[in-house]
Amino acid sequence: MTTTVAGPPGAARAHSARGREEHRPRRAWAPYLFVSPFYLLYVLFMLVPVGVSLWLSLTEWVGLGTPHWVRLRNYRLLATDISFHRALGNTAVFVLVAVCLVVPLALLIAQALNTRGLRVRDLWRTAYFVPIVVSPILVALIFGLIFDRQFGLANAVLRSLFGTGGVDWLGDPNLARISIALVMLWRWTGYLTVFFLAGLQNVPRELYEAAALDGAGRLRTFTTVTLPALKPVTAFVVVTSFVGAAQIFEEPYLLTGGGPAESTLSVTMFIYRAAFQRQQFGYAAAAAVVLFVLVFGLSRLVNRLLGIGRAAS
Amino acid sequence: MYTPPPPPPPSPPTRRALLRGTLGLGTTAALAACGGDSTTPRTSGDVTLSLWTHDPGYEAFFAKGVPEADRATDFRYHLKVTRAGAPDIVTKLLAQAVAGRGTPDLVGFEIASFPRMLRGDIAERLLYDFTPDIEAVPGLKDDLLPARTAPFSKDGRVYAFDSDTPMVVYFYRHDLFEKYGLPEDVATWEEFAEAGARTHRDHGASMCVVSTVGSDPAQVVQSFQMLLYQRGGTFFDAAGNLLLDSPEAEEVLRFLCDGLRSGFVVEVSDYYGAGMQTALKRGRVIGLPMAIWYKNYGLVTNVPEQKGKWRVRALPRFGNGGGVTAALGGTGFGVVKDQANTRAAREFLFRTWLTHDGQVRRFTETGYLPTRRSVFDDPRLGAYTDDFCGGQRLFRLYRSLLPDVPPFHQSPDQSILYDVLGGNLLRAYKGDLSPRQALRRTVADFRDQAGR
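Residues numbered from 1 in each chain as written. Chains lettered and ligands numbered in written order. Predicted model: local features only at pLDDT ≥ 70, side-chain atom pairs only at ≥ 80, totals over all residues.

K.L.:
Honestly, the overall build of chain A in this entry has me stumped. Any pointers?
P.N.:
The number of helices and strands found in chain A is 13 helices and two strands. Classification of the 313 residues of chain A by burial places 33% in the buried group. Taking the intrachain contacts of chain A between residues at least 6 apart in sequence as the baseline, contacts between residues at least 24 apart amount to 66%. (Helix = DSSP H or I, 4+ residues; strand = E, 2+ residues; numbered from the N terminus. Buried ≥ 20, exposed ≤ 12 C-beta atoms within 10 Å, placed from the backbone. Contact = placed C-beta atoms within 7 Å.)

K.L.:
Explanation requested: the overall build of chain B in the structure shown.
P.N.:
Looking only at helices and strands, chain B features 19 helices and 12 strands. Oriented by its inertia axes, the alpha-carbon framework of chain B measures out at about 115 × 50 × 50 Å. A burial count over chain B gives 47% of its 452 residues as buried. Of all intrachain contacts in chain B linking residues separated by at least 6 positions in sequence, the fraction that spans at least 24 positions is 76%.

K.L.:
Sorry, what's going on with the sheet that holds strand β10 (residues 287-291) of chain B here?
P.N.:
Picture the strands of a sheet paired through backbone hydrogen bonds; they go either parallel or antiparallel. Residue and element names in this part refer to chain B. Reading across the sheet, the three strands line up as β10-β7-β11 and stay open at both edges, with antiparallel pairing between neighbours. Edge positions in the sheet fall to β10 and β11 (310-313), since each of these pairs with one other strand and no more. Across the sheet, the axes of successive neighbouring strands diverge by a mean angle of 30 degrees, strand direction being ignored. Where strand β7 (residues 168-173) meets β11, four bridges bridge the pair, whose relative direction is antiparallel. If you follow Tyr-172 over to β11, its bridge partner there is Arg-311. (Pairing = 2+ DSSP bridges. Axes fitted to C-alpha atoms, helices over the stretch in contact; angles between N-to-C directions.)

K.L.:
Would you take a moment to explain the nonpolar core for this structure?
P.N.:
Nonpolar side chains in soluble globular proteins tend to end up buried together. Counting residues in hydrophobic clusters, the biggest one holds 85 residues, and the most contacted among them are Met-167, Val-168, Phe-171, Leu-253, Leu-256, Ala-327 and Leu-425 of chain B. Here the element with the most residues in this core is helix α18 (residues 414-430) of chain B; it accounts for nine residues. Taken domain by domain, the makeup of this core includes at least three residues from each of domain 1 (45-165 + 329-377) and domain 2 (180-325 + 406-449) of chain B. Setting aside residues no more than four positions away along its own chain, Met-167 of chain B makes contact with Ala-291, Ile-292, Thr-325, Ala-327, Leu-369, Tyr-398, Leu-401 and Val-405 of chain B. The next biggest cluster of nonpolar side chains, apart from the first, holds 69 residues, and it includes Ala-274 and Ala-284 of chain A together with Ala-112 and Phe-350 of chain B. (Core = buried A, V, L, I, M, F, W, Y, C linked by C-beta atoms within 7 Å. Domains from an automatic or database assignment.)

K.L.:
So what exactly am I meant to see when it comes to the packing of helix α9 (residues 189-203) of chain B against helix α11 (residues 247-262) of chain B here?
P.N.:
Two measures define how a pair of helices packs: the angle their axes make with one another and the distance between the axes. All names here are of chain B. Across the interface, α9 lies against α11 with an axial gap of 9 Å and an inter-helix angle of 20 degrees. Taken as axis vectors, α9 and α11 run roughly parallel relative to one another. The hand of the α9/α11 crossing is right-handed. Every residue of α11 that contacts α9 at Trp-189, Ala-193, Gly-196, Ala-197 and His-200 is listed here: Phe-255, Gly-259 and Ser-262. A breakdown of the residues in the contact of α9 with α11 according to their chemical character gives four nonpolar, four polar and no charged. (Parallel < 35°, antiparallel > 145°, perpendicular 65-115°, else oblique. Left-handed = near helix turned anticlockwise from the far one by under 90°. Nonpolar A, V, L, I, M, F, W, Y, C, P; charged D, E, K, R; others polar.)

K.L.:
What am I meant to see in the environment of Lys-307 of chain B here?
P.N.:
Residues and elements named next belong to chain B. In this structure, Lys-307 sits in the loop between α13 (294-302) and β11. Once the C-alpha coordinates of Lys-307 and Gly-390 are considered, the two residues, 83 residues apart in sequence, prove to be 7.4 Å apart. For Lys-307, the contacting residues outside a window of four places in its chain are Asp-387 and Phe-388.

K.L.:
Can you help me understand the domain arrangement of chain B in this one?
P.N.:
How big an interface is tends to be reported as the loss of accessible area on association of its parts. Residue and element names in this part refer to chain B. Assigned domains within chain B: domain 1 (45-165 + 329-377) and domain 2 (180-325 + 406-449). The partner domain 2 presents 14 residues to the 14 residues of domain 1 that form the contact. Counted by class, the side of domain 1 that touches domain 2 contains 10 nonpolar, two polar and two charged residues.

K.L.:
Sorry if this is basic, but what is going on with helix α10 (residues 217-231) of chain B here?
P.N.:
The periodicity of an α-helix, 3.6 residues per turn, causes residues three or four places apart in sequence to face the same way. Residues and elements named next belong to chain B. Between its terminal C-alpha atoms α10 stretches 21 Å, which fits the 21 Å expected from 15 residues at 1.5 Å a residue. Where α10 bends most, at Ser-223, the angle is about 35 degrees. With 14 of 15 residues buried, α10 lies mostly within the body of the structure. Immediately downstream of α10, the backbone of Gly-232 shows phi near 110 degrees, a positive value. (Expected span 1.5 Å × (residues − 1). Bend = angle between axes of the 7 residues up to and from the residue.)

K.L.:
Would you take a moment to explain the packing of helix α4 (residues 121-133) of chain A against helix α7 (residues 173-201) of chain A for this structure?
P.N.:
Residues and elements named next belong to chain A. For the pair α4 and α7, the least separation of the axes is 7 Å and the interaxial angle reads 120 degrees. Of the possible angle classes, the one that applies to α4 and α7 is oblique. You can see that α4 and α7 cross each other, and the crossing is left-handed. Contacts between α4 and α7 involve Tyr-128, Phe-129, Pro-131 and Ile-132 from the first element and Trp-186, Arg-187, Trp-188, Gly-190, Tyr-191, Thr-193 and Val-194 from the second. For the contact of α4 with α7, the class distribution of residues is eight nonpolar, two polar and one charged.

K.L.:
Explain the pairing of strand β12 (residues 331-335) of chain B here, please?
P.N.:
Walk down a regular strand and you will see the side chains alternate between the two sheet faces. All names here are of chain B. In terms of burial, β12 is largely enclosed, as five of its five residues are buried. The alternating pattern of β12 places Thr-331, Phe-333 and Val-335 and Gly-332 and Gly-334 on opposite faces, both of which are buried. Where strand β3 (residues 106-110) meets β12, five bridges bridge the pair, whose relative direction is antiparallel. Looking at β12, one finds that Gly-108 is bridged to Phe-333.

K.L.:
How do you make sense of the confidence of the model for chain A when you look at a structure like this?
P.N.:
The predicted coordinates of low-pLDDT regions are not to be read in fine detail. Summing up the model confidence of chain A, the mean pLDDT is 87 and the portion of residues at 70 or higher is 90%. Here residues 1-7 of chain A is a poorly scored stretch, pLDDT under 50, and it has five contacts once near neighbours within four places are set aside; other chains count. (pLDDT = per-residue confidence, 0-100.)

K.L.:
I keep staring at the confidence of the model for chain B and nothing clicks. Help me out?
P.N.:
For chain B, mean pLDDT is 91; residues scoring 70 or higher make up 91% of the total. Our summary of model confidence lists the complex with pTM equal to 0.83 and ipTM equal to 0.80.

K.L.:
Is there a simple way to think about the environment of Thr-234 of chain B in this case?
P.N.:
Residue and element names in this part refer to chain B. Structurally, the position occupied by Thr-234 is in the loop between α10 and α11. Distance in space between the C-alpha atoms of Thr-234 and Arg-261 is 25 Å, their sequence separation being 27 residues. Setting aside its immediate chain neighbours within four residues, Thr-234 contacts Tyr-229, Leu-243 and Phe-408.

K.L.:
Sorry if this is basic, but what is going on with the sheet that holds strand β2 (residues 75-83) of chain B here?
P.N.:
All names here are of chain B. The mixed open sheet is built from five strands, whose spatial order is β2-β1-β3-β12-β6. Two strands lie at the open edges of the sheet, namely β2 and β6 (161-162), each paired on one side alone. Where β6 lies against β12, two bridges are found, and the strand directions are antiparallel. Within β12, the residue paired with Phe-161 across the bridge is Phe-333. Packed on one face of the sheet, helix α2 (residues 56-72) meets β1 (45-53), β2 and β3 and runs near 175 degrees to β2. Contacting β1, β2, β3, β6 and β12, helix α14 (residues 342-352) runs over the sheet at an angle of about 145 degrees to β12.

K.L.:
Would you take a moment to explain unusual backbone geometry for this structure?
P.N.:
Most of the time, phi is negative for any residue but glycine, and the peptide bond is trans. Residues and elements named next belong to chain A. The omega torsion across Gly-259 and Pro-260 is -10 degrees, close enough to zero to call that bond cis. Looking at the secondary structure, you find Pro-260 in the loop between α11 (250-255) and α12 (267-276). Positive phi, normally seen in glycine, also occurs at Ala-261, with a value near 50 degrees. Inspection of the secondary structure puts Ala-261 in the loop between α11 and α12.

K.L.:
Explain the environment of Thr-73 of chain B here, please?
P.N.:
Residue and element names in this part refer to chain B. Note on placement: Thr-73 falls in the loop between α2 and β2. Judged by the 18 C-beta atoms lying within 10 Å of it, Thr-73 is partly exposed. C-alpha of Thr-73 to C-alpha of Gly-45: the two residues are 28 residues apart in sequence and 9.5 Å apart in space. Beyond its immediate stretch of four places on either side in the chain, Thr-73 contacts Glu-347 and Arg-351.

The structure is reproduced here in structure tokens:
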């Protein structure tokens, strides 16, 4: 038999109060502890590199030894560097392709995939989504074979259809840009389609019924019901496409190496080339800062234009 | 029975204690990470050399050389090999050097990646200078081919030893040359081009190749570079000054552009890819100038069924001067300085890479030609016959080419030159620019970008 001797009256209450007091500090630091991993990683892998890049952009550094302080010299050189200007121009073209071609095409495909009664819908969805999960190396290899001037599939098709097929897809500066744009279309459209499809499936059915009762045709329904309902999704897709295309690297790097004659050189490739082929780390950092400022500023502008983050009126 | 009240729960750490703990842990980790490797030099005994290379052939060569090095030195060697892409090796080496630890002892620099080591004082800070050691070994300085030390030198100091003397020769289809009635001993490129134009017209075959792969400016440049070096031109002098704007360069570029118009020269997108393979298999390309290693990496791999049909000869001369060969490619092995294993790595390299027997073994195992003049006279190499080339005794040819192998220098701005020259060569091939304009524009673009 066990006998428990109770303490003096009021001891339990006092103990409970002490417990609460002892627990209070734990509650006070617990939230900080929980959020600290994010901030620690954010500082380590975001703020510190950004700060170091900024500092490095004001120096000349070959990758070893002490960086030499040059103030704004790298920025001045960038302002007169034809190669950098070309990279900016090419990147602008890629951004336009992403925003003005890939995004609308993705919307149209999503609309088609969302049609009632579409057979083997899942097969279509998978087919459109597959390019984004294919390794970029494989994509470059396949498109390299397709666009080969003498023995490529594209020219073979042209030859068999029109009797002419000596098109230098990757060797001609303008065609090389078009080839990269085609690869971007093939690779990214299906991925963006998924976002639009998710948005379309959330448009209330009653809105379509109301539009039908009002006698709206397909085009009218699309412009007055679908598009407004998709505005938040569209805004998200446009901004992410813009940011992604502004930092495009894999497609031109693997397919054309930025050539011919820098006609497909993107700004990120310019940065990579300066840092890891030419050992001009300060110069590369300055180009990276310029790219960051441009992308950040323009995406803020796009955010504002599309009203992202603002409550619906 | 009395049961005491439960003990109070341990008090949680205060914010200050938590901060102190985190700082302490962080400092310990940082100090541990910053601590460099020991640099006390090892002078004998067991040593594990860290070797970085992009080519498994070198890995096998050095592994087999361990017993030989053990016998000849006071060390007992073990190798720890890391393989990476050729450009990545330089990037990783510099990253480890900045970190102050984890650098290799022995590094293989593919020749096109070495110019990065020439930027600023990277080579001097990081690599062991072999110049005094070369002078200390009797006869070595005169025996080493200057053509193969120059690309890995800076200010007269040698920082790596090349793996090869990659002479440029003319590969051709013996059977098709016979079939088309083409003489195999044509003396000059000019005569060769005339015969090539006829062959293209009559048989649709070409006898020379230029690469137009837009994604690889270095490969585009190679086609031009080989003939430029043969003609007596060069890209850079020993001080790194650009010498491209020369009559030799213009002559060679004009020769290639004219060849493209006549069909004597054909464009291929890639020397090693599907386009070239198709051209070789269909007999559209029946000959090309290339470095000797192309036999293993381009011909044997792409058209193994054509074994016995290929032959090798010296390049035809240019009527206006130059030699009968050039050099293209190579991989230099260097030793990282001021490390515990620096001496061991240096001795290992000297006892495997540079010995007479080591150079013979290197050829038999990897196919790379010796870099010491005297080794070319070795009877074992003289007796070597090449089955792919119809049993030709190639060393007789190689020995005859040796005096003509031109030395060339590399510049830290080489990748800039390749980028701008590659684009302008393509424009010249297409006829958008004349050879003169292409070279002038290259020089102007190079000056605009170099030194930033």
